[in-house]
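Working through the structure, step by step
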Amino acid sequence: MIQSTDEGLMRLALREAAKGLGRTSPNPAVGAVLAKNGIILATGYHQKAGQPHAEIEVLKALSDYPSAKGSSLYVTLEPCSTYGRTPPCTLAIRDAGISRVIVGSIDPNPKHQGKGLAELRRDGIQVTTGVLDKECTRLNAGFNKWIISGRPWVIAKAAQSLDGRLTRPIGESSRLSNSHSIRMVHRLRATVDAILIGAETVRKDDPELTVRYGPTDHQPLRVVVTKTGMLPIDARVFVGEQDTIIYKDRSWSDVLDDLGRRSVTRLLVEGGGQILGQLFDNYLIDELWFFLTPRLVGGDKPTIGGVGVQELAGAPRLVDVRYLRLKDDLLIKGDLQWPKNPSRAF
Ligand SMILES: NC(=O)c1ccc[n+]([C@@H]2O[C@H](COP(=O)([O-])OP(=O)(O)OC[C@H]3O[C@@H](n4cnc5c(N)ncnc54)[C@H](OP(=O)(O)O)[C@@H]3O)[C@@H](O)[C@H]2O)c1
């Protein structure tokens, strides 16, 4: 039975989990809170693949280990029950004497799915599931898609004028959006495994595609797509320690499958309009971050080029929409809900 404090403590565990997003791939981001009689004893999260899971981190964070006896563990994803790079968390939970485990979402990985919960119950531990299930599942949308389809969750980002244009007059280096939006983009970059752009954006903007504001310890893989292969060898996207992959004349299926094989679970696409248009026409965008700036630039380069929908019934809708004011810019973000379409596998 879900208790009144369960949601509040799971929300805290979710905030812990979010700290790992972008760093844990190909593992999911997971957070945990240990509490007794409503008092928080410790918090923790999975920091990196190969390092301890959230359940172990929270036990490590306890000031005295015996106090875990009789406590409740809030964890955003069901605990694992198998030996991988680390031993099963179910064993550590049992050995610590935890009496109740409250779980957010079930692991879609068939290797784990529900198995850990059955094991905990067998050990006499009380298990409650489904607390903030939707929020906990959404946090790992990337991992969940990747584990089922082998492809990354695709996030399309654009900084655009009010009239839906990406471009500035040629030769102008100032950006469309304000500094608050730019910082937000860097925070988003820090949560993904790879960032992809089209070759024209390399030639026109010469971006670094690195995280330079906020925590900079995680730098995503950089990806450029080109048909001709004509890329300036001294482009900034090839400078620095982080790798850059070039896909020359490959289909989108190939690109996404290959990125999936490289354990990319969250892919950020930063344009330009041709690339966003093709991904849109192929039903490949999962999530959208559009930064609107109150300027008009006109011209013939829309944010999403391509062919476009043939009928309104085929137009995807943004769901779980969030609006965030960033001084005079507006960020609109949400997930794309595509009408049922046989071409869209996920
Ligand atoms: N405001 C923003 O957020 C933002 C973000 C990004 C870009 N931009 C602006 O957008 C403009 C560039 O956009 P754009 O639409 O002209 O170009 P783009 O989308 O950046 O790149 C187009 C190029 O990508 C390659 N390409 C296209 N389809 C491909 C496919 N199926 N497979 C492999 N490669 C493919 C081709 O490169 P090759 O010619 O080498 O074959 C093509 O010329 C720039 O002015 C830039 O400033 C703005």
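Residues numbered from 1 in each chain as written. Predicted model: local features only at pLDDT ≥ 70, side-chain atom pairs only at ≥ 80, totals over all residues. Heavy atoms only, no water.

1. Details of the sheet that holds strand E3 (residues 72-77)
As a reminder, the rule being used: Pairing between strands is defined by DSSP: at least two bridges between the two strands are required. In DSSP terms, a helix is any run of H or I states spanning at least four residues, a strand is any run of E spanning at least two, and both are numbered starting from the N terminus. Note on definitions: angles span 0 to 180 degrees between N-to-C directions of axes, and those axes are lines fitted to C-alpha atoms, for helices only across the stretch in contact.
Within the open sheet, the five strands sit side by side as E2-E1-E3-E4-E5. Their pairing is mixed. Of all strands in the sheet, those bounded by a partner on one side alone are strand E2 (39-45) and strand E5 (126-128). Strand after strand, the sheet turns through a mean of 20° between neighbouring axes, direction not considered. Of the pairings in the sheet, the one linking strand E1 (residues 31-36) to E2 comprises six bridges and is antiparallel in character. Pairing of Ala 35 across the sheet is with Ile 40, part of E2.

2. A few points about the sheet that holds strand E11 (residues 287-293)
Stated formally: In what follows, residue pairs with any heavy atoms lying within 4.5 Å of each other are defined as contacts.
The strand order across the open sheet built from eight strands is E9-E8-E7-E10-E6-E11-E13-E12, with neighbouring strands paired in mixed fashion. This sheet does not close on itself; its edge strands, each paired only once, are strand E9 (244-248) and strand E12 (317-326). Along the sheet, successive strands turn relative to each other by an average axial angle of 20°, direction set aside. Pairing between strand E6 (residues 153-161) and strand E10 (residues 266-269): four bridges, direction parallel. Across the sheet, Val 154 pairs through a bridge with Leu 267, a residue of E10. Packed onto the sheet, helix H9 (residues 252-261) meets E6, strand E7 (194-198), strand E8 (221-226), E9 and E10 and runs at close to 155° relative to E9.

3. A short note on the site of the ligand
This is how the line gets drawn: Near is defined per residue: the residue qualifies when any heavy atom it owns lies within 4 Å of the molecule or strand. Polar contact is the term for a pair of N or O atoms within 3.5 Å; when the atoms are in protein, one must be able to donate a hydrogen and the other to accept it, and sequence-neighboring residues count only if both atoms are side-chain atoms. Throughout, the Shrake-Rupley method with a 1.4 Å probe supplies accessible areas, and for residues the shown protein chains are the sole cover considered. Just so you know the grouping, Ala, Val, Leu, Ile, Met, Phe, Trp, Tyr, Cys and Pro go in nonpolar, Asp, Glu, Lys and Arg go in charged, and all remaining residues, Gly too, go in polar.
Neighbouring residues of the ligand: 25 residues in total, closest Ala 159, Thr 201, Asp 205, Thr 226 and Lys 227. A distance of 2.6 Å separates an oxygen atom of the ligand from a polar side-chain atom of Asp 205. Taking Ile 275, its main chain carries an N or O atom lying 3.2 Å from an oxygen atom of the ligand. Relative to its free-state accessible area of 930 Å², the ligand is covered by the protein chains to the extent of 90%. The leading source of residues in the shell around the ligand is helix H8 (residues 199-205), at six residues. For the shell around the ligand, a count of residues per class yields seven nonpolar, 10 polar and eight charged.

4. As for the pattern of salt bridges
Oppositely charged side chains may form a pair once their charged atoms are brought near each other. Operational definition: Only one rule defines a salt bridge in this text: a Lys or Arg side-chain nitrogen within 4 Å of an Asp or Glu carboxyl oxygen.
For the structure on display, the rule yields 20 salt bridges. The residue Asp 254 makes a salt bridge to Arg 250 at a minimum N-O spacing of 3.4 Å.

5. Some thoughts on helix H1 (residues 6-18)
Helical geometry note: an α-helix holds 3.6 residues per turn, so side chains three or four residues apart project in the same direction. We apply this condition: In this analysis, the expected span of each helix is defined as 1.5 Å times one less than the number of residues it contains. Only protein chains enter the accessibility calculation, which uses a 1.4 Å probe; a residue whose area is less than 20% of its type maximum is buried, one above 50% is exposed, and one in between is partly exposed.
The end-to-end C-alpha distance of H1 is 18 Å, a good match for the 18 Å that 13 residues give at a rise of 1.5 Å each. Regarding H1, the residues found buried are Asp 6, Leu 9, Met 10, Leu 12, Ala 13, Leu 14, Glu 16 and Ala 17. Where H1 is buried, its residues touch E1, E2, E3, strand E4 (100-105) and helix H5 (133-139).

6. What to know about the domain arrangement of the protein
Heads up, the rule is: All the domain ranges listed were derived from an automatic or database domain assignment. Buried surface area refers to the total accessible area, computed with a probe of radius 1.4 Å, that the two partners give up upon joining, counted for both partners together.
The assigned domain composition of the protein is domain 1 (6-139) and domain 2 (150-337). Domain 1 and domain 2 are separated by 33 Å when their C-alpha centres are compared. Taken together, the seven residues of domain 1 in the interface contact 14 residues of domain 2. Taken together, both faces of the contact between domain 1 and domain 2 bury some 800 Å²; the carbon and sulfur share is 39%. For the interface between domain 1 and domain 2, the tally reads four salt bridges. For Arg 138, the salt bridge identified is with Asp 335, shortest N-O distance 2.7 Å. Per-class residue counts for the side of domain 1 that touches domain 2 are two nonpolar, two polar and three charged.

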